[in-house]
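# Examining the three-dimensional arrangement
Listed here are the chains, written in short residue letters.
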Amino acid sequence: MFRSLSPAIRAALLTLIVGMVCMLLAPYLGWLQKWPASMTLPATEWIGAAVTWLVELIKPLARWGAWLLSYPMGWAAFILIETPYPLVIAAITALGWHLGGPGMALGVLAGLCFVLFSGYWVQGMTTLSLVMVSVPLALFAGLVTGIVAYRMPALRRPIQVMLDVMQTVPTFAYLTPLLLLLGFGPVVGLIASAIYSAPPMARNVLLGLQRVDPEIRDAALMNGANSWQQLILVELPAASRQMLVGMNQSIMAALSMVIIAAVIGGFDDIGWAVLLTMRKADFGNSLIAGMVIVVFAIMIDRLSSRLAEPRGGHSRKVIWGLLGAGAVMAVLAARWLPAASEIDIFAPLAERTNSALGQFTANHGATLNAIRNNAMIYLLLPLRIGLDHAIVPVMWGFGWTSAMALGYFGAAAALAGWLAWRGQILAALMLLTAAGVVKLGIAHLPWPFVLFAAGALGWVASGWRLALTAVTLLGLILIMGLWEPAMLSVYLSGTAVLICTVLGGAIGLLSAVSPAVWRVVRPVCDLLQTVPLFVFLIPVLMFFQIGEFSALLAICAYAIVPMIRYTHQGLSSTPEELVEAALASGANSWAIMTEVRAPYAAPTILLGLNQTILYAFSMLVIAALIGTTDLGQQVYLALGQGDVGLGVAAGAAMAMLAWVADRLVQAFAEEKRAALGL
Amino acid sequence: MIQDRPAPAGAPAISCRGVWQVFGVNARASLDLALGETGGDTAATARLLRQRGLIPAVQDITFDVAEGEVFVIMGLSGSGKSTLIRTIARLIDGTAGEIRIAGEDILTADARRLLALRRDKLGMVFQHFGLFPHMTVAENVAFPLKMQGMGPEQRRARALEVLELVSLKGREDSFPRQLSGGQQQRVGIARSLAVNPDLWFLDEPFSALDPLIRRQLQDEFLSIQADLGKTSVFITHDISEALKIADRIAIMRDGVLVQIGTPDDIVLNPVNDYVREFTRDVPKGRHAHVETIMTLPASLPRMPDDPGLRANMTIDSALAACMSLYQPVPVWGANGEIAGVVKPSDLASALTPDEL
């Protein structure tokens, strides 16, 4: 009987049974819910000791490197800050002209003028100078790594794993060991951003080289090129388009990380300006500083993505003209124009924003609070600590009684029975499991159940190997003593992913159905993806203050984009032939959507879900700045206390969670693709 | 195993002896083991290798290519023809056997020697052209010269010279993407000829082109070949292309050489059904020549209405000339002497399809 069931149903059934047993035993066996402290390995201390030992070992070398780097950094800052701003603006505008013609030049000019008028010119230029130094480092490291991975197939797999790790480890986790290694100062941000932004370059270099037509490679050999000539004269130039795409991604990552690195403080850059004004609740200014970041991000993104496209020859005369005009203005500036730091045209605007915001919150504070409290009480808390703990008279007006529990599970069982009767056994089992999870709360789930469920998912999606890896990684988090914050991370990101899936899926569906909607949604998505994570915090803080709800909103705002994009992409890329075949069979548009487009789009949508999960995890750490209690918060705390062990361990735990989620979803997507023969 | 007919006079420009190309882990050791177990039988060895998860793409191939000959290797996709030419050019390392180019064993040549050979002696044309997308037409053609160490001005001059040979004068500063497929392959041909190589490898050079362009380039290939007389190894899957340009054709199937012979041989005396199937739709009269079916009697009186058949005429044109005759007709050789006789009825029966 049991054997005759499909693997998915068998796994779901076993998971449900394990869950039920745990739930029944939990009141008597405390260790089911809380991993006993006596069994916890002092992993954080070990890691701390190991990292500290390593840091001490390479400290002299690192400090010497930092000292060396401080020179180009000084020069870059000197050039950008000490050069009269009209000249800087003229030079960057000329670059825009050269890369993209009049439209680009105008855009760049407008953007830079905004930065100048905002009063954050000096801070902005400090940030840019850091990017200017870190990007070449990252590009060089990425290029070398990519080439090595390409040329030595034996190293390819380990290098790819390393790149994965470098990108999943939360950004703050880099900073703690670097702080120890290099001491306070802008060099930490510089190195962190170089490390963080090297992987996209390495990946794209490898991808580009792998995509070079084998015939071109053979042609180079047959024409008598030796292996170096083949690489430098033929393969790298042939891969250049992909490498430029990588360059664009690298530069954006570097900018994002430089801004994040402001949390360690100590130098006056634009990230610090945002942080400082946010802490002072001076949202007018923090909004303006945030917009300066956005302007930089968009400008740099557009400029560097133009690199990958062929250029029409834009007149050189204009470049010289622009530079000349800049020089003339610069000379005049010495006499007439105010210094950059004295310009504060937008100061009144910030004032007015602040007072408007004050008024708004005064008038609508009750509404905002109601929104926040209701979301907390009726959605977030139950998910976090379970119905039985969340439903208390203070909040709900009544308490959780055993009669309610009976009714709750009775209703779930009835619904599940109906589903099973309809033949949807898997759905019935999953519904029961979900009911149990909501009753217990994600943060209070018994660990044997979580481990078993992850293993079962891995087994169904791909097989024993994935199941074993998932259980091992989660087990590691457990014995490291980081289970509680880890489950809080799962709860927060899981809730966000759930919201993003429903909302993003709906928006994606609408966009696929109506091109008009897509025309509006698309630029918003573009913008949301270009904006550095940091900036997302400003608007949610403005309206909802510090707390979990604000964190959730920030995460959702960032993580919803891939869900929308992939859903739209999946649903609208069904081959025309399939749609025509369905039409010819007499399907209406609803049937075409549910019977043809949706199944065909399923693997793509799953990949979108995967991206959404990863995005949510990367935002989790940033969200720690505005009050969360999860792993991200541990990482952030570790940074503040200089606790390398905790920082690295919590960072690694986050990376492991992200890795498990990533592989599980990817395995399901892969299975779906294979089933469709794609 | 198919025995090669002795190659036409002169030392072989390329000589392959028992060449194997096996893909898989430990290919060499597995091949030796399998050969030992089967006592050297090719088919049994290949079977054994496949059972063990290896791919014997080229099996025990032996042939010679003479100086100045156009040697066509023909077969369907997956027959191993592309693998064979790549093994000969040593773009991949052969598993076993011996390949000599002008007497020199190329499978054991070290990297430096190989580089020198490629820089001076070998030229290759690729199916999808293999043009470097970031270089202009002239830079592409000059690339092998650059590898030789030639100066910029000299190599540009030489590139223009070769481009003129393939009628691409005036396009030297275009990029490959700005050219049509036919033009791109002309660039490929020009590049392969830039160093004036001794050996010319062409890997399905015209397969990616439209039929009209293909025919045009075939004619150009023939005219270039008539001028330069390169020793060429030409890969194709198109029997009419093979018959049109080959001095000799080698037909491959599943990694094995099935038949080697002149176009006439292949058309008129296919060794088995596989080859017969290939040539089934070939208009034989257009490809086979009178000399392959004429006989050499003791004597023959001159005829008053001698239609003037020549030995190198195609059967079609010979038949057209003596359609109304019933007597044996004399065939004239290139030297102006009678080379043999042919009965018009034999000409006609050579054209009837083989019964299957």
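These numbers were taken from a predicted model, which means no experiment stands behind them. (Residues numbered from 1 in each chain as written. Chains lettered and ligands numbered in written order. Predicted model: local features only at pLDDT ≥ 70, side-chain atom pairs only at ≥ 80, totals over all residues. Heavy atoms only, no water.)

## Here's the deal with the overall build of chain A
Note the threshold: Segments assigned H or I by DSSP are reported as helices when at least four residues long, segments assigned E as strands when at least two residues long, and all are numbered from the N terminus. The size measure is the radius of gyration over C-alpha atoms, and the globule rule it meets is 2.2 Å times the number of residues to the 0.38 power. Categorising residues by exposure relies on relative accessible area from a 1.4 Å probe, with only protein chains included: less than 20% of the type maximum marks a residue as buried, more than 50% marks it as exposed, and the intermediate range marks it as partly exposed. Using a 1.4 Å probe, accessible areas were evaluated by the Shrake-Rupley method; residue-level cover was limited to the displayed protein chains. In this tally Asp and Glu are treated as negative and Lys and Arg as positive; neither His nor the chain ends contributes. In plain terms, the charge of a residue is placed at NZ if it is Lys, CZ if Arg, CG if Asp and CD if Glu.
Within chain A, the regular secondary structure consists of 28 helices and 0 strands. Computed over the C-alpha atoms, the radius of gyration of chain A is 27 Å, within 12% of the 26 Å expected from 2.2 N^0.38 for a compact globule of 678 residues. With the principal axes as the frame, chain A shows a C-alpha extent of 85 × 70 × 60 Å. Relative to its full complement of 678 residues, chain A shows a buried share of 50%. If you sum the accessible surface of chain A, you get close to 30900 Å²; carbon and sulfur atoms cover 70% of it. Computed over 33 positive and 29 negative side-chain charges, the separation of the two mean positions in chain A equals 3 Å.

## Digging into the side chain of Asp630(A)
Residues and elements named next belong to chain A. Basically, it comes down to this: Here a polar contact means two N or O atoms within 3.5 Å. Within protein one must be a hydrogen donor candidate and the other an acceptor candidate, and residues neighboring in sequence count only if both atoms are side-chain atoms. We call two residues in contact when some of their heavy atoms are within 4.5 Å.
Inspection of the secondary structure puts Asp 630 in the loop between α26 (589–623) and α27 (631–641). Within the structure, Asp 630 has its side chain in polar contact with the side chain of Ser 489 (distance 2.8 Å). Beyond its immediate sequence surroundings of up to four residues, Asp 630 is in contact with Pro 485, Leu 488, Ser 489 and Leu 620.

## Side note on the packing of helix α5 (residues 137–148) of chain B against helix α7 (residues 181–193) of chain B
Residue and element names in this part refer to chain B. What counts here: Every axis corresponds to a line fitted to the C-alpha atoms, with the helix fit spanning only the stretch in contact, and the corresponding angles, defined between N-to-C directions, vary from 0 to 180 degrees. We call two directions roughly parallel when the angle between them is under 35 degrees, roughly antiparallel when it is over 145, roughly perpendicular when it lies between 65 and 115, and oblique otherwise. It is the rotation of the near helix from the far one that decides the hand of a crossing: anticlockwise by less than a right angle makes it left-handed, clockwise makes it right-handed.
Here α5 crosses α7 at 30°, and the two axes come no closer than 7 Å. It follows that α5 is roughly parallel to α7 by the angle criterion. Crossing hand, α5 versus α7: right-handed. Every residue of α7 that contacts α5 at Val 137, Asn 140, Val 141 and Pro 144 is listed here: Val 187, Ala 190 and Arg 191.

## Things to note about the pairing of strand β4 (residues 96–101) of chain B
Quick reminder of the rule: Pairing between strands is defined by DSSP: at least two bridges between them are needed.
Summarising the sheet, strand β1 (residues 12–23) of chain B and β4(B) pair through 5 bridges and their orientation is antiparallel. Bridged to Arg17(B) within β4(B) is Glu98(B).

## Quick look at the confidence of the model for chain B
Keep this limit in mind: Known as pLDDT, the predictor's confidence for each residue is given on a scale from 0 to 100.
With 94% of its residues at a pLDDT of at least 70, chain B reaches an overall mean of 86. Note on residues 1–9 of chain B: pLDDT under 50 across the span, and 19 contacts to partners over four residues away in sequence or across chains.

## Quick word on the sheet that holds β4(B)
Residues and elements named next belong to chain B. The antiparallel open sheet is built from 4 strands, whose spatial order is β2-β1-β4-β5. At either end of the open sheet lies a strand with only one pairing partner, and these are β2 (55–66) and β5 (104–105). Across 2 bridges, the pairing between β4 and β5 is antiparallel. Residue Ile 101 lies in a different strand from β5, and its bridge partner there is Glu 104.

## Some words on the domain arrangement of chain B
All names here are of chain B. Quick reminder of the rule: An automatic or database domain assignment provides the domain bounds reported here. The term buried area refers to how much accessible surface (probe radius 1.4 Å) is lost by two components on association, counted for both of them together. Classification convention: Asp, Glu, Lys, Arg as charged; Ala, Val, Leu, Ile, Met, Phe, Trp, Tyr, Cys, Pro as nonpolar; all other residues, Gly among them, as polar.
Under the domain assignment used here, chain B contains domain 1 (66–96 + 109–283) and domain 2 (286–351). If you average the C-alpha positions of domain 1 and of domain 2, the two centres end up 36 Å apart. Of the roughly 630 Å² buried between domain 1 and domain 2, counting both surfaces, carbon and sulfur atoms make up 64%. Interface area lost by domain 1 to domain 2 is led by Asp 264, Leu 268 and Pro 283, which between them contribute 76%. The tally of links between domain 1 and domain 2 comes to 0 residue pairs in polar contact (both at pLDDT 80 or more). Secondary structure elements with two or more residues in the side of domain 1 that touches domain 2: α9 (239–245) and α10 (263–268). When residues of the side of domain 1 that touches domain 2 are assigned to their parent elements, the largest contribution, 3 residues, is made by α10. Counted by class, the side of domain 1 that touches domain 2 contains 5 nonpolar, 1 polar and 1 charged residues.

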